[in-house]
Amino acid sequence: MGNMVGKQEIYDVIIVGAGTAGLSAAVYAARASKKVLVLEETSYGGQIIYSPEVENYPGIVHVSGFQFATGLYEQAVGAGAEIRFEKASGIQILTEKECKTVLTNSDTYKAKSIIIATGSRSRRMGLDGEERLTGAGISYCATCDGAFFKGRTVAVFGGGNTALEEAVYLSGLCSKVYIIHRRNTFRAEQRLVEQLQQKNNIEYLMNCRVTAINGSEKLESLELSDGRLIEAAALFVAIGREPQNEIYKDILALDEYGYIIAGEDCRTSAEGIFAAGDCRTKQVRQLVTAASDGAVAALAAIV
């Protein structure tokens with residue numbers, strides 16, 4: 001279990017991020033009778049909480065993302081993990097008994113090992129007015145915001161699984177859904193493409209991208225790279241995800257895209273610091289691989 005240095009207790013493991021990878025790590029570390037602290041900036045669960053249906057997790061035929069995340073959270077807390085809702089702002093590596101310090105927006109915490117499981121966030125388009133209109137027509141989550149645009153015309157920008165899932169969901173709410181994709185074929189699974197083909201209120205705008213968004217107080221229209229102007233009450237952006245590892249760049253090796261360089265053993269370039277889930281370099285980013293990373297990282301961190 002943890003010990004004391006001065007007046008501050010040392011955790012065996014501090015986990016940054018309470019998504020699937022982080023909470024899975026918490027379950028494994030806490031069940032090994034280690035003193036575990038999980039730090040999370042916003043709410044537990046990560047991006048999976050926005051998925052209305054999870055049907056590809058082994059052993060669970062059907063569950064909502066929120067139900068899955070809640071069960072995992074309760075499992076981690078029940079095993080003895082401590083969870084604090086604070087934003088991590090950096091890590092300091094100390095020589096004092098090989099300890100490391102995690103800095104947050106309100107405190108500092110010491111640990112023998114650290115697991116970074118911060119996931120990734122929706123990639124931004126980088127257009128003028130994007131941040132200003134976020135929440136006023138620009139959204140990165142159809143299941144979160146789609147109901148606000150019931151019966152109206154909306155657009156989805158992207159061509160992967162997330163984009164098509166959002167389009168299918170929106171087609172049941174909105175009068176019309178444009179799908180804007182930069183290529184002439186979708187990258188999504190065939191089952192999703194087939195689902196789209198069964199909808200009669202979806203229009204495909206292929207081989208183009210959004211180049212400008214118009215509207216003063218709320219989104220009114222979109223300009224496309226092929227010169228078209230379309231009216232839309234909302235634009236749901238689904239063009240990929242990006243990590244948020246900037247605060248670790250001085251102590252950990254990152255790849256050119258900002259992901260923490262770590263293999264299947266989840267070990268980073270710094271001794272005693274591990275990376276699990278979507279924030280690390282990996283080929284497959286799925287719910288099941290995030291859970292696997294959490295287990296691997298925890299077992300390595302507590303040795």
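One can find the structure itself at the top, above this paragraph.
All values reported here derive from a predicted model rather than from experimental measurement. The written sequence of each chain sets the order in which its residues are numbered from 1. Local features are withheld for residues below a pLDDT of 70 in this predicted model, meaning they are given only at 70 or higher, and side-chain atom pairs are given and counted only at 80 or more; totals for whole chains, interfaces and linings count all residues. Water and hydrogen atoms were dropped before computing side-chain values, which therefore reflect all heavy atoms in the structure.

**Some details on the overall build of the protein chain**
Looking only at helices and strands, the protein chain features 7 helices and 18 strands. A radius of gyration in this sense is built from C-alpha atoms; the matching globule rule multiplies 2.2 Å by the number of residues raised to 0.38. Here the C-alpha radius of gyration of the protein chain, 21 Å, is about what a compact globule of 303 residues would show, namely 19 Å. Under the scheme applied here, a residue whose accessible area is under 20% of the maximum for its type counts as buried, over 50% as exposed, and between as partly exposed, the area being computed with a 1.4 Å probe on protein chains only. Taken across its 303 residues, the protein chain has 51% of its residues classed as buried. In this analysis, two residues are considered to be in contact whenever any of their non-hydrogen atoms come within 4.5 Å of each other. Look at the contacts in the protein chain between residues 6 or more apart in sequence, and 58% of them connect residues 24 or more apart. Carbon and sulfur atoms make up 46% of the accessible area of the protein chain, which amounts to about 14800 Å² in all. Charge assignment in this entry is limited to Lys and Arg as positive and Asp and Glu as negative, and neither His nor the chain termini are counted. Each charge is placed at NZ for Lys, CZ for Arg, CG for Asp and CD for Glu. Once the 31 positive and 36 negative side-chain charges of the protein chain are each reduced to a mean point, those two points are 2 Å apart. A helix here means a DSSP run of H or I that spans at least four residues, while a strand means a run of E at least two residues long, and both kinds are numbered starting from the N terminus. Each accessible area is a Shrake-Rupley estimate made with a 1.4 Å probe; only the visible protein chains count as cover when residues are assessed.

**Looking at unusual backbone geometry**
Positive phi is not limited to glycine here, since N207 has a value of about 55 degrees. The residue N207 is located in the loop between β12 (202-205) and β13 (210-214) in this model. Despite not being glycine, C266 has its phi angle at roughly 65 degrees, a positive value. With respect to the helices, strands and loops of the structure, C266 is situated in the loop between β17 (241-243) and β18 (273-275). A residue is classified by how much of its surface remains accessible, and C266, at 0% relative accessible area, is buried.

**Some remarks on the pairing of strand β16 (residues 234-237)**
Of the two faces of β16, both are covered, the one formed by A234 and F236 as well as the one formed by L235 and V237. We call two strands paired when DSSP finds no fewer than two bridges between them. Here strand β9 (residues 138-139) runs beside β16; their pairing, made up of 2 bridges, is parallel. Across the sheet, the residue bridging to S139 is F236, located in β16. For strand β10 (residues 153-157) and β16, the ladder comprises 4 bridges, and the chain directions are parallel. In the strand pairing of β16, V154 is matched with A234.

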